[in-house]
Amino acid sequence: TWFFFDVPIVSLDWIVKAGDILRDGGDSAGIARSAKLVRITRVARLLRLMRFMKLRRVLYTIQGLIDSEWMTIALAVVKNLATIVLINHCLACIWFGVGRADEVE
């Protein structure tokens, strides 16, 4: 399901890396470092997904324990607010990075 999201990102990374390798003359240490970075990134993403699945299971368990309709609605509101805060945080980090990137140059 993440295929259509991952393909453009990974393709762009590979294109940029291929350009770097061609420009630097194919430094083998750089290639090995890149392969290691890709593996580390993949493992980090997998761990993040596993943590997300555990959180999802915990939320379903909590929701199953709640008998009150009012509490179910309150939990849904809290989950939606947390999602909005998380998305806003990610967007703020992206804009902070954009601002810092311009500052460095």
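In every chain, residue numbers begin from 1 and rise along the written sequence. The predicted origin of the model limits local features to residues at a pLDDT of at least 70 and limits the giving and counting of side-chain atom pairs to 80 or more, whereas totals for whole chains, interfaces and linings rest on all residues. Excluded from the side-chain calculation are hydrogens and water; included are all heavy atoms of the structure.

Peer 1: Explain the overall build of the chain here, please?
Peer 2: Helix and strand content of the chain: 3 helices and 0 strands. Reading the secondary structure of the chain in the N-to-C direction produces α-α-α. Any residue under 20% of the maximum accessible area for its type is buried, any over 50% is exposed, and the rest in between are partly exposed; the area is computed with a 1.4 Å probe on protein chains only. For the chain, the residues scored as buried account for 4% of the 105 residues in total. Just so you have it, the chain exposes about 9700 Å², and 70% of that area is on carbon and sulfur atoms. Per the convention used, a helix needs a DSSP run of H or I reaching at least four residues, while a strand needs a run of E reaching at least two, with both numbered from the N terminus. All accessible-area figures derive from a Shrake-Rupley calculation using a 1.4 Å probe, and residue coverage is judged against the displayed protein chains alone.

Peer 1: What am I meant to see in a nonpolar patch on the surface here?
Peer 2: Residues I87, L91, I94, W95 and V98 make up a contiguous nonpolar surface patch of roughly 530 Å² in combined accessible area. Following the sequence through the fold, L91 ends up in helix 3 (residues 69-104). Residues enter a patch when their relative accessible area is above 30% and they make no salt bridge; the linking distance is 9 Å between like charges and 5 Å between nonpolar side chains (Val, Leu, Ile, Met, Phe, Trp, Tyr). A pairing counts as a salt bridge when a side-chain nitrogen of Lys or Arg comes within 4 Å of a carboxyl oxygen of Asp or Glu.

Peer 1: How should I be thinking about the state of the cysteines in this particular structure?
Peer 2: In protein structure, a disulfide is the covalent linkage between the sulfur atoms of two cysteines. The criterion for a disulfide is a pair of cysteine sulfur atoms lying within 2.5 Å. Counted under the stated rule, the structure contains 0 disulfides. Sulfur of C90: no disulfide; nearest cysteine sulfur belongs to C93 and is 6.5 Å away.

Peer 1: Which parts of the structure should I look at to understand the confidence of the model for the chain?
Peer 2: In low-pLDDT regions, the fine details of the predicted coordinates are not to be read closely. The score called pLDDT rates the predictor's confidence residue by residue, from a low of 0 to a high of 100. For the chain, mean pLDDT is 76; residues scoring 70 or higher make up 73% of the total. Here helix 1 (residues 3-24) stands out as the least confident element of the chain, with mean pLDDT 70; helix 3 is the most confident, with 85.

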